[in-house]
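Residue-level structural notes
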Amino acid sequence: MIHPLLSNALFLLSFIAILGASSSSGSVVNLLQPSDASALLDFKSKADLNDHLPYSQNTSFHFCQWPGVKCFQQKVVHFVLQGLDLGGVFVPNSLTRLDQLRVLSLQNNSLNGPIPDLSKLLNLKSLFLDHNYFTGSFPPSLHSLHRLRTLDLSHNNLTGPIPTWLTSLDRLYYLRLDWNRFNGTVPPLNQSSLRTFNISYNNFTGAIPVTPTLLRFELSSFLSNPSLCGEIIHKECHPSPPFFGPSSSLQPVSPPPAVALGQSEELHGVDLSEPSPKTKHKKTAVIIGFSSAVFVLIGSLICFVMATRKQRNQKPSTAAVASDGAAAVAAATEAATVMQIDLQENELEEKVKRVQGMHVGKSGSLVFCAGEAQLYTLDQLMRASAELLGRGTMGTTYKAVLDNRLIVCVKRLDGAKLAGTSKDVYEQHMESVGGLRHPNLVPLRAYFQAREERLLIYDYQPNGSLFSLIHGSKSSRAKPLHWTSCLKIAEDVAQGLSYIHQAWRLVHGNLKSSNVLLGPDFEACIGDYCLALLATSLPEDDPEALAYKAPESRNSNHQPTSKSDVFSFGILLLELLTGKSPSQLPFLVPNEMVNWVRSTREDDGGEDNRLEMLLEVAISCSLTSPEQRPTMWQVLKMLQEIKESVLMEDSELDQHMGIS
């Protein structure tokens, strides 16, 4: 048996021999070199072609003392190299390995080539790459950097459009993209945190979106974009064609599908308040034509009389020809008169039909909810051009543009689903719903009913639905949202639902991602609330709608309750975390569900504990037994505790690192 001391000595000698053998090739340094030092050296090898940086493998164990480097617990948190005439490229998979990096500044150098994938820098808060020669498009990897507050890409050679997902970076405080060659339209930025913004000296086109955030910035933020226009820069855009032109035969391109509110789809936005331009032009043409015919007739008669007097001795055949000419002129005049009468009769008949078509829509009254200013009349609403937004469980939704430029959202309720609801019950219920006011509810402004026609008028939400945010468009599959976005949206929805349950003792009854809209600041706002109670029947054959329903409410005779809303919220939260539609969610025990959710996401595992906390909330909400589910008020408290714990952890870490 070998003595322990002898064994240790043999091991030490073997290790020294290995080091000696490998030192000749330099691999020993790489073997023991800190990972952050290795990342910095890889960056230097391609970016510092003039060898300005005193970084070397010999000093790699002291990399935290290298110029421009600031560390916390032997991890790089600041990397700032400004004005050092770095003339190479920002090589991929170099600085992106600095997983604790908070601040990266390479401004005022001569770096060129594309900006590499930065998606692994999940903790990055400030990124300065301005005053270089970077080329390529706007870096798509920035979509993953949800903590980013400062972004400066100005004074480069970047091209292409600015992606609309830039609006989802909700912590953005400072954004400069000026002096590049970006093109396309300006995204509807509306982060309330944004304080510095500049896109001047680019090639942007079209109207600047009118959002509360963009309205804060002066003309200097948009200079030297010749094709930009809009209210913000006081430059009129070329007027776009209306939904309905004066005449379909005059327009080479047919308008998008639209209907005029309160009418049948065939009437298309009839305005009875004054004659249309088409009618005016038609009448003018008829009058001019008729007058011309009369003048031609008189002139012809005068010529005929003079000709007969001067040519009495001519052959009878000549007189006959003149007589035939006069007869032809008289016949043409009579035909013009008949055409005028026919046109007038047709116009009158058409107008009568339009009035008959409008009668049902205007027989009722538009009721504004308590405290609401009457910003438009029923006539204006009936004349509004309308764009179809979608068809849902309770009816069809339109974006309506009124003649005073106000944009509202109008929901036309399905008469068949509300067949058993009387006029009095409808009015009484809408009075209650119209009194709900909360930042996370889409406010109901007015309602209308006449016979079978029932309309609800809401504020128009410009940023679409949560469904679209989660699942993307048909042409592109969206990735699951970052967990911080999931937490924010979940808290917003919980705030709104808790308010409905606690303050008014009402229930939503139809919560799903398509009924959660995104407001001007991308806050989640619940829509279609409290309408399910009016419906006599709801479809049971839609697998997506059925997946949101609590087990106890899948019976058509069962009225929705606050606990069935909690179940729907749990399914919605799982949809947020996984990016999967509710019908694709498996029935698993909690431990298996955690593993399955992890498999649906592309996270690096660094946020597993926070993801699990959100998942626990979703699982507790979607329990089979309603008695075991928490109330929405309790759910809200859970989410707020998660947020507070995360903010506290981040704040403590930033204080240690000296980052504000």
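Everything below is about the structure printed above this text.
Residues numbered from 1 in each chain as written. Predicted model: local features only at pLDDT ≥ 70, side-chain atom pairs only at ≥ 80, totals over all residues. Heavy atoms only, no water.

Another point: the packing of aromatic side chains. For any two aromatic rings, the description comes down to two numbers: the centre-to-centre distance and the angle of the planes. Counting across every chain of the model gives twelve aromatic pairs. Feature note: the residues Phe138, Trp165, Phe182 and Phe204 constitute an aromatic cluster, connected by ring pairs. The positively charged end of Arg454 is found above the aromatic ring belonging to Tyr426, 4.8 Å away from the centroid. (Phe/Tyr/Trp six-rings, centres within 6.5 Å; stacked < 30°, edge-to-face > 60°. Lys NZ or Arg CZ within 6 Å of the ring centre and 35° of its normal.)

If you trace the six strands from one edge of the open sheet to the other, you get β4-β6-β8-β10-β12-β13, paired in parallel fashion. Only two strands of the sheet have a single partner each, and these edge strands are β4 (112–114) and β13 (227–229). Neighbour to neighbour, the strand axes of the sheet diverge by 25 degrees on average, direction disregarded. Sheet topology places strand β8 (residues 157–161) next to strand β10 (residues 181–184); three bridges connect them, and they run parallel. Opposite Thr159, over in β10, you have Arg181 as the bridge partner. (Pairing = 2+ DSSP bridges. Helix = DSSP H or I, 4+ residues; strand = E, 2+ residues; numbered from the N terminus. Axes fitted to C-alpha atoms, helices over the stretch in contact; angles between N-to-C directions.)

Either a parallel or an antiparallel arrangement is found when strands of a sheet pair, and the pairing is made through backbone hydrogen bonds. Taken in spatial order, the seven strands line up as β1-β2-β3-β5-β7-β9-β11 in an open sheet, and their pairing is mixed. The open sheet terminates on both sides in strands that have one partner only, identified here as β1 (69–72) and β11 (196–198). Each strand of the sheet is rotated relative to its neighbour by a mean of 15 degrees, with strand direction disregarded. Judged from the three bridges that link them, strand β5 (residues 126–128) and strand β7 (residues 150–152) form a sheet pairing that is parallel. The partner of Leu127 across the bridge, within β7, is Leu151.

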